[in-house]
Amino acid sequence: MTIMEEVVRSADTNVEGYHEFSLGEFNFRRDEFFVYISWPTGNHIMSVDAFLRALQRDVAWDFFYGIVNFDGVFGTVNHYGTVDIFAGRYNDSYRKAELDYSENVETPRIRETFKAMLDDWTNSTFDPFASPHETGSAFGIKSGGNNAAVTRRRVAANRMVGVPGDEQIRTDDSGFPVNRMFLDVDQTEPVVEAEPGFENDVVAFNLFAYLSRSDVTWNPSVVSACKDSLFCPTTEEYILPIIHGNDRVEWFLQLSDEITWEVEDRDTGAVRSRVVMKAGDICAMPADIRHQGYSPKRSMLLVWENNSAALPELIASGKTPTYPVEF
Ligand code: PHB
Ligand code: FE
């Protein structure tokens, strides 16, 4: 059986025109405004716009680093080969009432189910990656689809943006005009005069210009890679559609404007701190928290990731601390 054949989708659509999906004992359905999730010990409701924004990122990032909380109840944990799909597992009240539930599934199966659900439930008017100012509505009865938006290619440089044969800079001609909020960003590219024979190695690009032309929000993309050190800048507006539970430390460098981060205990959701980052500020998110960002104006953020596959185990076993520096 192929993976597509394993996607469990209702044969018929409901009165609003949408299919229902199942994954293990989880069931998912949507109507005009809401998504309804049920599992053996309970059920949950989310606004469909918030659900699709979270689902889009879980799919595009292939379940990301660690935990993707869609909200305080539902989400996924990446085990890099398999994924836990859970309800209430990182919610103190559900845990204490012993109502939390989780299933471990092979990554291809959840990937294909989530892709099929995202495709079926996204109408032609809605772009889950766009700022609320730059997309139409997610609500209403089934009306077309937005395949181009939900299958956008993810930028992932092998070495660096601008290197021959790698990801290229964005221009008007390549379909990336300067965003309305970044019209004042200098578009001059650096002049590089490489010695003959070094054209593949001596390269530079204007990162601010590159980010000013991003058409998506809350979507870190790899612009440079040095072994496991990945620079993943992103442009932000409104609210990060997931609450990210870390399985490693990540660094944030605020390149422009301002983001407020709500930081909670990763396992219980208890409030830990609020971090207000202004342009030029840098901080490290510890490996035992979860965080969600609020960006009142479109801003530029550099997320610095350590991509080492050894980290989750080193941190979970206590061999590596949950924070990066001792002051
Ligand atoms: C994060 O979880 O660290 C994160 C995710 C998406 C962003 C920024 C930060 O756009
Ligand atoms: Fe994060």
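Undergrad: Help me understand the overall build of the protein, please; the structure alone is not making it clear to me.
TA: Helix and strand counts for the protein come out as 7 helices and 17 strands. Relative to the compact-globule value of 20 Å for 327 residues, the protein shows a C-alpha radius of gyration of 20 Å, a close match. Over its C-alpha atoms, taken along the principal directions, the protein stretches across nearly 65 × 50 × 40 Å. Taking all 327 residues of the protein together, 48% fall into the buried category. Within the protein, counting contacts between residues at least 6 apart in sequence, those at least 24 apart form 62% of the total.

Undergrad: Please explain the site of ligand 1 as it appears in this structure.
TA: Around ligand 1 there are 15 residues in total, and Trp 218, Glu 236, His 244, Glu 250 and His 291 lie nearest to it. Within the side chain of Glu 250, an N or O atom sits 2.7 Å from an oxygen atom of ligand 1. His 291 is positioned with one of its side-chain polar atoms (N or O) 3.0 Å from an oxygen atom of ligand 1. Considering ligand 1 on its own, with 280 Å² of exposed area, one finds that the protein chains cover 100% of that surface. The set of elements that each furnish at least two residues to the shell around ligand 1 consists of strand S11 (229-239), strand S13 (250-254) and strand S17 (289-306). When residues of the shell around ligand 1 are assigned to their parent elements, the largest contribution, 3 residues, is made by S17. Taken together, the residues of the shell around ligand 1 sort by class into 9 nonpolar, 4 polar and 2 charged.

Undergrad: Would you explain helix H2 (residues 48-60) in this entry?
TA: In an α-helix, one turn spans 3.6 residues, which is why side chains three or four residues apart end up on the same side. Compared with an ideal rise of 1.5 Å per residue, which puts 13 residues at 18 Å, H2 spans 18 Å between its outermost C-alpha atoms and is within 8% of the ideal. In terms of burial, H2 is a largely internal element, 11 of the 13 residues being buried. Among all positions in H2, only Val 48, Asp 49, Phe 51, Leu 52, Arg 53, Ala 54, Leu 55, Gln 56, Arg 57, Asp 58 and Val 59 are buried. Asp 62 sits one or two residues past H2 and shows a positive phi near 50°.

Undergrad: In this structure, what is going on with the coordination of the iron ion (ligand 2)? I would like to understand it.
TA: Six octahedral donors around a metal ideally sit at 90 or 180 degrees from one another, while four tetrahedral donors ideally sit at 109.5 degrees. Around the iron ion (ligand 2), the protein supplies His 244 (ND1), Glu 250 (OE) and His 291 (NE2) as donor atoms, at distances of 1.7 to 2.1 Å. His 291 sits in the buried class, given a relative accessible area of 2%.

Undergrad: How do you make sense of the sheet that holds strand S3 (residues 26-30) when you look at a structure like this?
TA: Adjacent strands of a sheet pair through backbone hydrogen bonds, lying either parallel or antiparallel. The strand order across the open sheet built from 5 strands is S1-S2-S3-S4-S5, with neighbouring strands paired in antiparallel fashion. The open sheet has two free edges, formed respectively by strand S1 (8-9) and strand S5 (42-47), since each of these has just one partner strand. When strand S4 (residues 34-39) meets S5, the two strands line up antiparallel, connected through 6 bridges. Bridged to Trp 39 within S5 is Gly 42.

Undergrad: Is there a simple way to explain the side chain of His 44 in this structure?
TA: Within the secondary structure layout, His 44 lies in strand S5. A polar atom in the side chain of His 44 sits 2.6 Å from the side chain of Asp 71. Residue contacts for His 44: discarding those within four places in its chain leaves Val 35, Tyr 36, Ile 37, Trp 39, Asp 71, Val 73 and Phe 74.

Undergrad: Can you walk me through the nonpolar core in this structure?
TA: The tendency in soluble globular proteins is for nonpolar side chains to be buried as a group. Ranked by size, the top nonpolar core spans 56 residues in total, and within it Phe 28, Phe 51, Phe 114 and Trp 261 carry the most contacts. Beyond its immediate stretch of four places on either side in the chain, Phe 28 contacts Glu 20, Phe 21, Leu 23, Tyr 36, Ile 37, Phe 51, Phe 74, Ile 85, Phe 114, Met 117 and Trp 121. Among the nonpolar cores identified, the runner-up in size contains 11 residues, and Val 155, Val 161, Leu 211 and Met 300 belong to it.

Undergrad: Explanation requested: helix H4 (residues 107-121) in the structure shown.
TA: Taking 1.5 Å as the rise per residue, H4 with 15 residues should run 21 Å; its terminal C-alpha atoms sit 21 Å apart, in good agreement. Among the residues of H4, those classed as buried are Thr 107, Ile 110, Glu 112, Thr 113, Phe 114, Ala 116, Met 117, Leu 118, Asp 120 and Trp 121.

Undergrad: Honestly, the pattern of salt bridges in this entry has me stumped. Any pointers?
TA: Summed over the entire model, instances satisfying the criterion amount to 23 salt bridges. The salt bridge involving Arg 272 is made with Asp 288; its shortest N-O contact spans 3.5 Å. Here Arg 272 is found in strand S15 (residues 271-278), whereas its partner Asp 288 is found in the loop between strand S16 (282-285) and S17, with 16 residues between them in sequence. Taken together, the salt bridges that share partners define one network made up of Glu 134, Arg 180, Glu 237 and Arg 298.

Undergrad: What is the right way to look at the environment of Tyr 18 in this model?
TA: Here Tyr 18 lies in the loop between S1 and strand S2 (21-23). Of the residues examined, Tyr 18 reaches a relative accessible area of 1% and is grouped as buried. Put simply, Tyr 18 and Arg 29 are 11 residues apart on the chain and 7.7 Å apart in space, counted from C-alpha to C-alpha. Not counting residues within four places of it along the chain, the set of residues in contact with Tyr 18 comprises Thr 13, Arg 30, Asp 31, Asp 120, Trp 121, Asn 123, Gly 140, Ile 141 and Lys 142. Reaching out from Tyr 18, the side chain makes a polar contact with the backbone oxygen of Ile 141 at a distance of 3.4 Å.

Conventions and cut-offs
Residues numbered from 1 in each chain as written. Chains lettered and ligands numbered in written order. Predicted model: local features only at pLDDT ≥ 70, side-chain atom pairs only at ≥ 80, totals over all residues. Heavy atoms only, no water. Helix = DSSP H or I, 4+ residues; strand = E, 2+ residues; numbered from the N terminus. Rg over C-alpha atoms; globule rule 2.2 N^0.38 Å. Buried < 20%, exposed > 50% of the residue type's maximum accessible area, 1.4 Å probe, protein only. Contact = heavy atoms within 4.5 Å. Near = heavy atom within 4 Å. Polar contact = N/O pair within 3.5 Å; in protein donor to acceptor, adjacent residues only side chain to side chain. Areas by Shrake-Rupley, 256 points an atom, 1.4 Å probe, with all protein chains shown as cover. Nonpolar A, V, L, I, M, F, W, Y, C, P; charged D, E, K, R; others polar. Expected span 1.5 Å × (residues − 1). Donors = N, O, S within 2.8 Å, 3.2 Å for Na, K, Ca; no water. Pairing = 2+ DSSP bridges. Core = buried A, V, L, I, M, F, W, Y, C linked by side-chain atoms within 4.5 Å. Salt bridge = Lys/Arg side-chain N within 4 Å of Asp/Glu carboxyl O.

Such coordinate-based values are descriptive only and should not be taken to indicate function.
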